[in-house]
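For reference, the chains in residue letters:
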Amino acid sequence: MKKNGLRIMCILCCAAAVLSCAGKKSRYEAIQAEKKLVLGTCADYPPYEFHTQKDGQDTIVGFDVEIARAIAKDLGAELIIRDMDFDGLLAALVSGSVDMVLAGMTPTDERRQNVDFTDIYYTAEQGIIIRKSDAETYGASAASLKDTLIGAQRGTIQVGIAKKEIKGVSDADAEKPHTQIKELPKLPDLIMELKSGKIDAIIVELPVAENYVAVHRDLMLASYTFKDAEGGSAAAVKKGEAQLLAAVNKSISALQASGQINRFAAAAIESVEQ
Ligand code: ARG
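Reading the values: rules and limits
Within each chain, residue numbers correspond to sequence positions counted from 1 in written order. Reporting of local features is limited, given that this is a predicted model, to residues whose pLDDT is at least 70; pairs of side-chain atoms are given and counted only at 80 or more, and all residues count toward the totals for whole chains, interfaces and linings. Hydrogens and waters are ignored; side-chain quantities use all the structure's heavy atoms. Any residue with a heavy atom lying within 4 Å of a molecule or strand is counted as near it. For the purposes of these results, a polar contact is taken to be a pair of N or O atoms within 3.5 Å, where, inside protein, one atom must be able to donate a hydrogen and its partner to accept one; residues adjacent in sequence count only when each atom of the pair is a side-chain atom. Surface exposure here means Shrake-Rupley accessible area, sampled with a 1.4 Å probe, where a residue is shielded only by the protein chains that are shown. Each residue gets one of three labels, nonpolar for Ala, Val, Leu, Ile, Met, Phe, Trp, Tyr, Cys and Pro, charged for Asp, Glu, Lys and Arg, and polar for the others, Gly among them. For every residue, the accessible area (1.4 Å probe, protein chains only) is compared with the maximum for its type, and the residue is labelled buried under 20%, exposed over 50%, or partly exposed between those bounds. Counting from the N terminus, the helices are the DSSP runs of H or I reaching at least four residues and the strands are the DSSP runs of E reaching at least two. Pairing between strands requires that DSSP locate at least two bridges from one strand to the other. We call two residues in contact when some of their heavy atoms are within 4.5 Å. Note on geometry: axes are C-alpha line fits, over the in-contact stretch for helices, and angles between N-to-C directions span 0 to 180 degrees. Expected helix span is given by 1.5 Å per residue-to-residue step, counting one fewer step than there are residues. This arc is built from the directions going out from the helix axis to the C-beta atoms.

Caption draft 1: Geometry of the site of the ligand. For the ligand, the set of nearby residues contains 15 residues, the closest of which are Gly104, Arg111, Gln153, Ile157 and Glu205. The contact in question runs from a nitrogen atom of the ligand to an N or O atom on the backbone of Cys42, over 2.9 Å. A distance of 2.8 Å separates an oxygen atom of the ligand from a polar side-chain atom of Arg111. The protein chains hide 100% of the 350 Å² of surface that the ligand would expose on its own. Looking at the shell around the ligand residue by residue, the class counts come to 6 nonpolar, 5 polar and 4 charged.

Caption draft 2: Examining the pairing of strand β13 (residues 233-238) more closely. Counting buried positions along β13 yields 5 of 6 residues, so the element is predominantly enclosed. Sheet topology places strand β6 (residues 100-101) next to β13; 2 bridges connect them, and they run antiparallel. Residue Met100 lies in a different strand from β13, and its bridge partner there is Val237. In terms of strand pairing, strand β7 (residues 115-122) meets β13 through 5 bridges, oriented antiparallel. Among the inter-strand pairings, Tyr122 is bridged to a residue of β13, identified as Ser233.

Caption draft 3: Quick look at the pairing of strand β9 (residues 150-153). Across the two faces of β9 the burial is the same, with Ile150 and Ala152 and Gly151 and Gln153 all buried. Where β9 meets strand β10 (residues 181-184), 4 bridges bridge the pair, whose relative direction is parallel. Pairing of Ala152 across the sheet is with Glu183, part of β10. Relative to strand β11 (residues 201-205), β9 is paired through 2 bridges, and the arrangement is parallel. Among the inter-strand pairings, Ile150 is bridged to a residue of β11, identified as Ala201.

Caption draft 4: Region of interest: the sheet that holds β6. Strand order across the open sheet formed by 5 strands is β5-β1-β6-β13-β7, with mixed pairing between neighbours. The sheet is open, and its two edges are formed by β5 (78-83) and β7, each paired on a single side. Strands in contact with helix α3 (residues 63-74) are β1 (36-41), β5, β6 and β7; relative to β5, the strand with the most contacts, it is inclined by about 145°.

Caption draft 5: Structural view of unusual backbone geometry. The step from Pro46 to Pro47 runs through a cis peptide bond, and the omega angle for that step is 5°. Looking at where Pro47 falls in the secondary structure, it is placed in the loop between β2 (44-45) and β3 (49-54). The backbone of Lys35 shows a phi angle near 55°, a positive value even though the residue is not glycine. Counting through the fold element by element, Lys35 comes out in the loop between α2 (27-34) and β1. One non-glycine residue with positive phi stands out, namely Asp55, at about 50°. Residue position: Asp55 is located in the loop between β3 and β4 (57-61).

Caption draft 6: Highlighting the sheet that holds β4. Across the sheet, 3 strands lie side by side as β2-β3-β4; this open sheet has antiparallel pairing. The sheet is open, and its two borders are formed by β2 and β4, each paired with just one other strand. Note: β2 against β3, 2 bridges, orientation antiparallel. Paired with Tyr45 across the two strands is Glu49, which belongs to β3.

Caption draft 7: Spotlight on helix α12 (residues 260-272). Compared with the 18 Å implied by 1.5 Å per residue over 13 residues, the 19 Å span of α12 between its first and last C-alpha is a close match. Taken residue by residue, α12 has Ile261, Phe264, Ala265, Ala268 and Val272 as its buried positions. In a view along the axis of α12, the buried residues occupy a sector of 95°, so they form one face of it. Looking at α12, the residues exposed on the side facing more than 90 degrees away from the buried face are Asn262 and Glu270. Where α12 is buried, its residues touch β3, α3, β7, α10 (206-215) and α11 (242-257).

This is the structure we're talking about:
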């Protein structure tokens, strides 16, 4: 009798150990349990996400942040923001140091190999920033930029657009390390390079370009834009986290249906363009 009891205890303990090991929590369950949702972003992208002073404190704001806050609220979690270089965001998702990325990120096939994307929540064209003093030279046609040094944020789709659509680099050569495009991790550093004449143009999402030229009076927008063939911004989560992906998608489509995303965007655009 005693022996049997012991044996049952032992079996139960083993079963519990196996279960707790095999039943590793999904990200969705972990977020619900910890009541924390960690957002990865790159806050150099007004009006999507940017730094501002709020009550004397450095704060990250923008419409991506508002969307992320609404998602966190739907999940019953507090939003925690981690700011990093754009080209580090996907690795942060894969390693699990963030739960979700919103960073004006375009879902591409290449990125889809490593992470899952929600539906698109915002679309924009690509704009070109140049110096006002170059209005005549580069302002009117993209062809005028063919032999210039163009800047783009490292790891962004803009690098590819500049190579293919402005420089005319063939598809086969587009992925090769190329010296023709100047890639830097942060947008403000590209702005400095443009102001000081080290590069002649920057390609970036149009709403962002509009913001930077509103602040930097020596810079302007070229009159032409590029369509974003790949189609706009989406949120990303770690691959295979189906429940989290579904929850984020649900929040996003509710925000879209109620017109809230457009209101967030309009408010963010207004708040940065003084
Ligand atoms: N949409 C572009 C891409 O996905 C650029 C996004 C840059 N975002 C940022 N927060 N700096 O590649």
